[in-house]
Amino acid sequence: MAPKARKRSPSKGRGKGKGKGKGKGKASRPSTSLGYPEDIFPLVLTSATQELFNCRIDEDVTEKSPFKLLKKDDIIDDMKRRAAVSDFSPVKQTVLAYPEEEMLLVFDSNLTYGQFFYLVLTPESKDRILKSPEGEELLMADKRPQFWISLGSEKEIEEPIKETREKLRLKLRVDRAVQSKVCFSDRDCAESKDGHLECTSYEDSKFKIKKLLTDCGVQAVPMIQTNSCQTMRMVPKDTFTQYEPREFSTEEKETILKEQSLMNFCKAQIPRMLFALQQEEIINVFLDDWKALATGLEACDWSGQVSDTLVLHQVFTDQKFAKSKTISCLNWHPTIYGVIAVAMTKRHEELAEAVSSPPLIVFYSFSNPSSPQFLLECPDDILAFQFSPSNPNIIVGGCLNGQVLLWDISAHVTFIQATQPGSRRESINSDKFDLNDSRENIPIVRFCAVSALESSHKAPVTDVQWLPPTFEVTMMGLPVENKQKVSIQIITCSPDCTLRFWDVRLPAEFSNTPTESTPTVDHKTPMTTCSVPETFKHLDRTWKPMFRVSLSKIDTKGEYVPMKFSFENFITTTERDKEIKGTEALLDYSQLKIPASEKLKEMDNINTKFFVGTENGEIIYSDWKLESDDSGRPHSSKPFACFNSHHWLVNTVQRSPFFKDILLSTGGWNFAIWKEGVMDGPLVASQYFEQECTVGCWSLSRPAVFFIGKTDGSVEIWDLLKNSSEPLQLHPHISKSKITCMKACSFTAKQHFLAVADDLGVLRIFEIPKALYLPSRHESLSMKKYFDLEAESLKDYLKREEFWTKHKKEEEEHKTKLKKEPEKPETPPKEIHRLDLTEYSDDLILEEELLQDMGLWPIAVESER
Amino acid sequence: MAEVEETLKRIQSQKGVQGIIIVNSEGIPVKSTLDNQSTVQYSALIHQLVMKARSTLRDIDPQNDLTFLRVRSKKNEIMIAPDKDYFLIVIQNPSA
């Protein structure tokens, strides 16, 4: 450190002079022997100390401002730090004892006390010095801020302009030529450049604002978002397992079989098993006796209205159409509930009379008993008709003149369906009209096609049936597969001794002709209220049968005269058939062609044999397949069997809906049940009744029940299982005239109806009670057994009969032989007699034995023996 | 082995017996008079039934054990005689 202390000679005089110079009445300070007053101490401050206390000469402390206030603490610190070296060490005690915090250090440039600085030791002196005007003046800069004293600076300057001097008045004289007026005006100095001098501001190019970089704090905070995710834990699960049973190989089995343990086991268990089996044989341990008492009908009928007779449900008769007419045939509509079709024909007695209404088939519906739904027009009386099994809109009918007709009622089916019990008939207005009008409201459908007159039957068609959709028949009568799965063939029979087979399709050769020849058919109909459907236009008037079957008599010449027939209705109900039924309606018959018979697959399991009931009361069993005889021409084979069971014309030959080979035939004064295959005779032939049996019909739900209609208008219900010689129920005089037709139908499981039509044209619908439609336990099994039994007993009977007749013949022979014996003289009479006797006695014994076997031996004689 | 055959014949000769099967304790058929498929089916199913029946009885009363089981159905009756190592199954049609 370079001490900068300049020693100046202390100037006593100055100090004093200072004091004197003030002249403010201050008492002069006591001076010490040292040459300076007691309350000050001259100090030598090194430059380091000067810097420390900010009292550097000529920088912090000058002549003008010589005072410096130092903090006592700082001085003490300095003294502590530098101990003896400190400049303040000589005044150490005084400083420590100094009462105030600040000490005055005065810079003495004049060196009044011998040093540059001097420290004022007492507070009074400090105050004295400081408060001296000199001091005060010089401390102006050190003055602490004082309260602002208003010196008038806040006042607005009222007088902006202050004249510094008096305004000068100048008088100017201008010598001008013309003494005109002088006009003074103001001029803006900014207008001309000369008017003023301006120091414009300009950008100082040297002036730069230094750009400094400042640190700025940035904090990056990550955005945290909670998210979750769940995975489906795939649990392996077995979906399929394939396993094989564990088995022993034969060697293992053999070893096991030889083991002792197996022996023991057998010994122990087999007696138990035998015991159980024996128990089984003795009695049925598990038989519920209580339940076995039930007869199959529900014991508790809580309806209260139980009746076990036929209940009349509805009667249909129509004055216009049914007047003086008889119903020749009736059919239930196969699909639509409550619709029945009846064919009205003229009565036999009234053939000559003019009939009011033309021949018709009338459709009745349950929903409207007063008038028919619609009518089918026919050229002549219809004796038989049938709905097609695959498409109930097609109806085939056979006429009195031998023609076969086809109707298509698909246009009117919706009309009938609209009048179902569920829907409201909107034709309430029809009540307002009279009967004539309502008659005209009934639509009439004309037939679509009629067979060619030359090739139809020569006698009335008495029976017509569709072949089921499962098979069709070729020209030779062979049953083949039916590709369309639709009923397309019809069989008709007529008393002209033939059965004819018809096909609804065109034969393959005649593909072009029909459409041109029959355009005029439509216009000839006066009665038509609607257009004729064109379904069978291709057949109209040109329809020919495929082939015909004649029934020649077995033993004699001539032919049988068929009235009704029945063939086995072979139906296979497969899934495919049910599907196809839905699409049946789209079939266009005119486009169908009879395929070549070679292409179709022959069906072996179809039974082509059929039963025919004739006019004379015979039942014929024949085959419709044509055979080709020697000349190569096909002809029908002779019937297999003929049974003469009825005495008058057969009016029903019907197969049982439960058994394919059981038939019911009625005719004359009795009825008979036949089994196909039993060629000897009817299984059951009833007694001869007083009244003729006019019609017979099997029940659709009970295999043992059938209905018989009589000439006196009564209906009998027979149950073969209960009693085969008497009817179960007799409903006498249901109608005044004879029953002509009867058909049963069931729409739901609970609703069974029997339609009974009579000679007066009245159709009655009966509801079959539960007792008659619920089959009893194992009824069909029992019936089967019954029929089998009957067949056997029939065989038995016939055998016995045969034997008995043979025996009778033998007896007769023997008797004649005996008579002849006495005429022979050759053999000795005694011997002969003995021989005869032995022979005779042998015969007698034999006879006795035989008759005993047959049970014909009179009991009285037996008891004698 | 002949003994076994002989006793089985005795059972077979009873009225209405349709089949006999001897099954071991695991359900594997040892001897049978029916065809393989039916045998295997019967033995597997009846084995399970017998196990169930046995366990049922023993759960109710541990001192008890199954001696004979008869299953009567609409068409026939199945009789089962269980033992420690084997069981004997006889199928009978009582009405035949």
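Residues numbered from 1 in each chain as written. Chains lettered and ligands numbered in written order. Predicted model: local features only at pLDDT ≥ 70, side-chain atom pairs only at ≥ 80, totals over all residues. Heavy atoms only, no water.

- The name recorded for chain B in an unreviewed UniProt entry is Dynein light chain roadblock, from Poecilia formosa.
- Recorded in UniProt under Function (unreviewed entry), the annotation for chain B is "Acts as one of several non-catalytic accessory components of the cytoplasmic dynein 1 complex that are thought to be involved in linking dynein to cargos and to adapter proteins that regulate dynein function. Cytoplasmic dynein 1 acts as a motor for the intracellular retrograde motility of vesicles and organelles along microtubules."
- The Sequence similarities (unreviewed entry) field of the UniProt record for chain B holds the comment "Belongs to the GAMAD family." (UniProt positions renumbered as here; feature names shortened; annotations may be inferred.)

1. Considering the overall build of chain B
So, point 1. Counting its regular elements, chain B contains two helices and five strands.
So, point 2. In sequence order, the secondary structure elements of chain B are arranged as α-β-β-α-β-β-β.
So, point 3. Of all 96 residues assigned to chain B, the portion counted as buried reaches 44%.
So, point 4. Accessible area for chain B stands at about 5200 Å²; split by element, carbon and sulfur atoms hold 51% of it. (Helix = DSSP H or I, 4+ residues; strand = E, 2+ residues; numbered from the N terminus. Buried < 20%, exposed > 50% of the residue type's maximum accessible area, 1.4 Å probe, protein only. Areas by Shrake-Rupley, 256 points an atom, 1.4 Å probe, with all protein chains shown as cover.)

2. Points about helix H5 (residues 123–131) of chain A
Residues and elements named next belong to chain A.
So, point 1. Residues of H5 that are buried: Pro123, Ser125, Lys126, Ile129 and Leu130. Each buried residue of H5 sits inside an arc of 155° when the element is viewed along its axis, so together they form one side. The exposed residues of H5 that point more than 90 degrees off its buried face are Glu124 and Lys131. (Arc of directions from axis to C-beta.)

3. As for the pattern of salt bridges
All names here are of chain A.
So, point 1. Considering all chains together, one arrives at 15 salt bridges over all chains under this definition.
So, point 2. Among the ionic pairs, Arg764 bridges to Asp758, the shortest N-O distance being 3.2 Å. Assigned by exposure class, Arg764 and Asp758 land together as buried.
So, point 3. When salt bridges that share partners are traced, they join Arg702, Asp719 and Lys722 into one network. (Salt bridge = Lys/Arg side-chain N within 4 Å of Asp/Glu carboxyl O.)

4. Considering the interface of chain A and chain B
So, point 1. Counting residues at the interface gives 27 residues for chain A and 35 residues for chain B.
So, point 2. The contact between chain A and chain B buries some 3100 Å² in all, and 69% of this surface belongs to carbon and sulfur atoms.
So, point 3. Taken together, chain A and chain B are joined by one salt bridge.
So, point 4. Residue Arg246(A) is joined to Glu26(B) by a salt bridge in which the shortest nitrogen-to-oxygen separation is 3.5 Å.
So, point 5. Put simply, chain A and chain B have eight residue pairs in polar contact (both at pLDDT 80 or more) between them.
So, point 6. Residue assignment for the side of chain A that touches chain B shows that the elements contributing at least two residues are helix H7 (250–258) and helix H8 (260–282) of chain A.
So, point 7. The element best represented in the side of chain A that touches chain B is H8(A), accounting for 16 residues. (Contact = heavy atoms within 4.5 Å. Buried area = accessible area lost by both parts, 1.4 Å probe. Polar contact = N/O pair within 3.5 Å; in protein donor to acceptor, adjacent residues only side chain to side chain.)

5. Things to note about the packing of aromatic side chains
Residues and elements named next belong to chain A.
So, point 1. Taken as a whole and assessed by the stated rule, the structure comprises 17 aromatic pairs over all chains.
So, point 2. Between Trp332 and Phe753, the aromatic rings sit 6.1 Å apart at their centres with planes inclined by 25°, giving stacked as the arrangement. Pair noted here: Trp332 is in strand S6 (residues 325–332) and Phe753 is in strand S38 (residues 752–758), with a separation of 421 residues, a long-range link. Summarising the burial analysis for this pair, Trp332 and Phe753 share the class buried. (Phe/Tyr/Trp six-rings, centres within 6.5 Å; stacked < 30°, edge-to-face > 60°.)

6. Considering a negative patch on the surface
Residue and element names in this part refer to chain A.
So, point 1. A surface patch of negative charge is lined by Asp73, Asp74, Asp77 and Glu101.
So, point 2. For Asp77, the location among the structural elements is in helix H3 (residues 72–82).
So, point 3. Take Asp77: its relative accessible area is 36%, and that puts it in the partly exposed class. (Patch = residues over 30% accessible without salt bridge, like charges linked within 9 Å, V, L, I, M, F, W, Y side chains within 5 Å. Lys, Arg positive; Asp, Glu negative; His and termini not counted. Charge placed at Lys NZ, Arg CZ, Asp CG, Glu CD.)

7. Digging into the sheet that holds strand S28 (residues 641–644) of chain A
Residues and elements named next belong to chain A.
So, point 1. Taken together, four strands build an open sheet; the order of strands is S22-S24-S25-S28 and the sheet is antiparallel. Unpaired on one side and paired on the other, strand S22 (562–567) and S28 mark the two borders of the sheet. Ignoring strand direction, the axes of neighbouring strands in this sheet form an average angle of 20°.
So, point 2. In this sheet, S28 lies alongside strand S25 (residues 618–623) in antiparallel orientation, the contact comprising four bridges. (Pairing = 2+ DSSP bridges. Axes fitted to C-alpha atoms, helices over the stretch in contact; angles between N-to-C directions.)

8. So, the confidence of the model for chain B
So, point 1. Considering every residue of chain B, the mean pLDDT works out to 89; 98% of them sit at 70 or more.
So, point 2. The secondary structure element of chain B with the lowest average pLDDT is helix H1 (residues 2–12) of chain B, at 84, and the one with the highest is helix H2 (residues 36–60) of chain B, at 93. (pLDDT = per-residue confidence, 0-100.)

9. Quick word on the pairing of strand S35 (residues 715–719) of chain A
All names here are of chain A.
So, point 1. With five of five residues buried, S35 lies mostly within the body of the structure.
So, point 2. On S35, burial covers both faces: Val715, Ile717 and Asp719 on one face and Glu716 and Trp718 on the other are all buried.
So, point 3. Two strands pair when backbone bridges link them, and strand S34 (residues 705–710) and S35 are joined in this way by five bridges, in the antiparallel orientation. Considered in S35, the bridge of Val705 is made with Asp719.
So, point 4. Between S34 and S35, which pair antiparallel and follow one another directly, the connecting turn spans four residues, one of which, Gly713, has a positive phi of 85°.
So, point 5. In this structure, S35 lies alongside strand S36 (residues 729–731), joined through three bridges in antiparallel fashion. Looking across to S36, one finds that Val715 is bridged to His731.

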